[in-house]
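So you can see what is in the structure, the chains are spelled out below.
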Amino acid sequence: MLKLIETYLPNVYRMGWTGQAGWGTAIYTTLYMTVISFLIGGFFGLITGLFLVLTKPGGVLENKVAFWILDKVTSVFRAIPFIILLAVLSPFSHLIVGTGIGPNAAIVPLSFAVYAFFARQVQVVLSELDGGVIEAAQASGATLWDIIGVYLIEGLPDLIRVTTVTLISLIGETAMAGAVGAGGIGNVAIAYGFNRYNNDVTILATVVIVAIIFTIQFAGDFLTKKLSHK
């Protein structure tokens, strides 16, 4: 197998698996940025999306001021293209992690991008739930935490679906971040493939990204169908 790779994919073979430019390192860096960014941005996005529904006009915690602030903050970060967000948040990244380049620095703008995207996705999902279920919970004397639980349980299949969409979008953004110094598959594709005319490296990097995306899509679809009430 290794002999075939060395023969037909010489540049891929020369990069190896370990080391700064190795394939294993690149894959790990991409997954590291994806997971950590989603854990941070997804957490705050879930909370924001939930409170956008709770504080909206007619919501359980109707509050026009809180809704307006959350809505505008989410809209601002959602409207900024990720490549610009990378540049704008570079000083903040340096302040938080001590550097403006590398995977740790990229996690900061990636988290903001995930936060805004996921918050909107969560808002849409929870807004489309059957209002009768929420009204029934209120009528039975449910506490705020009980109602939040109802929202999350009833919306779980669709929340998994939008989580899948968010992760796939995030993979693309990590590739973009990698191309500007964060490492990962994006860096391999551009720096070691495209810029050096190593087509085998570029093609394999693309295949790896597609394989990761297909894996996420398959897992998301499986869980969504498994937990769907429909």
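Everything numeric in this text was worked out from a predicted model, so none of it was measured.

Enquirer: Explanation requested: the overall build of the chain in the structure shown.
Expert: Helices and strands together make up the secondary structure of the chain, namely 12 helices and zero strands. The N-to-C order of helical and strand elements in the chain reads α-α-α-α-α-α-α-α-α-α-α-α. Taken over the C-alpha atoms alone, the chain extends approximately 70 × 40 × 20 Å along its principal axes. Each of the 230 residues in the chain was classed as buried or not, and the buried ones make up 40%. When contacts within the chain are restricted to residue pairs at least 6 apart in sequence, long-range pairs at least 24 apart make up 69% of them. Of the accessible surface of the chain, which amounts to about 12,600 Å², a share of 69% is contributed by carbon and sulfur atoms. Considering the chain, the positive charge centre built from 12 side chains and the negative charge centre built from 12 side chains are found 8 Å apart.

Enquirer: Honestly, the UniProt feature "transmembrane region" (unreviewed entry) in the chain in this entry has me stumped. Any pointers?
Expert: On the UniProt side, "transmembrane region" (unreviewed entry) is annotated at positions that read residues 31–53, 65–89, 95–118, 175–195 and 201–223 here. For residues 201–223, the helix share is 100%, the strand share is 0%, and the end-to-end C-alpha distance is 33 Å.

Enquirer: I keep staring at the pattern of salt bridges and nothing clicks. Help me out?
Expert: Counted according to the given criterion, the structure contains three salt bridges. In this structure, the salt-bridge partner of Asp 71 is Arg 120, at a minimum N-O distance of 2.8 Å. Of this pair, Asp 71 sits in helix 4 (residues 64–79) while Arg 120 sits in helix 7 (residues 103–127); the two residues are 49 residues apart in sequence, bridging distant segments of the chain. Residue Asp 71 shares its accessibility class with Arg 120, and that shared class is buried. Here the residues in one salt-bridge network are Asp 71, Lys 72 and Arg 120, joined through shared partners.

Enquirer: Would you take a moment to explain the packing of helix 3 (residues 23–54) against helix 12 (residues 199–227) for this structure?
Expert: Two quantities define a packed helix pair, namely the angle between the axes and the distance from one axis to the other. Where helix 3 contacts helix 12, the two axes come as close as 12 Å, and the packing angle between them is 40 degrees. Between helix 3 and helix 12, the interaxial angle falls into the category oblique. Along this stretch, helix 3 crosses helix 12, giving a crossing that reads as right-handed. Contact with helix 3, carried on its side by Trp 23, Ile 27 and Leu 31, involves Val 201, Leu 204, Ala 205, Val 208 and Ile 212 of helix 12 and no other residues of that element. A breakdown of the residues in the contact of helix 3 with helix 12 according to their chemical character gives eight nonpolar, no polar and no charged.

Calculation criteria
- Throughout this document, residue positions are counted from 1 along each chain, in the order its sequence is written.
- The predicted origin of the model limits local features to residues at a pLDDT of at least 70 and limits the giving and counting of side-chain atom pairs to 80 or more, whereas totals for whole chains, interfaces and linings rest on all residues.
- In computing side-chain values, all of the structure's heavy atoms are included and hydrogens and water are not.
- For the purposes of this entry, the term helix denotes a DSSP run of H or I that reaches at least four residues, the term strand denotes a run of E that reaches at least two, and both are numbered from the N terminus.
- Partly exposed describes any residue whose relative accessible area lies between the buried limit of under 20% and the exposed limit of over 50%, with all areas from a 1.4 Å probe on protein chains only and scaled to the type maximum.
- In what follows, residue pairs with any heavy atoms lying within 4.5 Å of each other are defined as contacts.
- Residue exposure ignores everything except the shown protein chains as possible cover, and the areas themselves are Shrake-Rupley values with a 1.4 Å probe.
- The charged-residue count follows a simple rule in which Lys and Arg add positive charge and Asp and Glu add negative charge, with His and chain termini not counted at all.
- Charge coordinates come from a single atom per side chain, which is NZ of Lys, CZ of Arg, CG of Asp or CD of Glu.
- UniProt positions are given in the numbering used here, feature names are shortened, and annotations may be inferred rather than shown by experiment.
- The salt bridge definition used is simple: a Lys or Arg side-chain nitrogen within 4 Å of an Asp or Glu carboxyl oxygen.
- Here an angle of 0 to 180 degrees is reported between the N-to-C directions of two axes, which are lines fitted to C-alpha atoms, with helices fitted over the stretch in contact.
- Any angle between 65 and 115 degrees counts as roughly perpendicular, while under 35 counts as roughly parallel, over 145 as roughly antiparallel, and the rest as oblique.
- Whether a crossing is left-handed or right-handed is set by the direction in which the near helix is turned from the far one by less than a right angle, anticlockwise for left-handed and clockwise for right-handed.
- Classification convention: Asp, Glu, Lys, Arg as charged; Ala, Val, Leu, Ile, Met, Phe, Trp, Tyr, Cys, Pro as nonpolar; all other residues, Gly among them, as polar.

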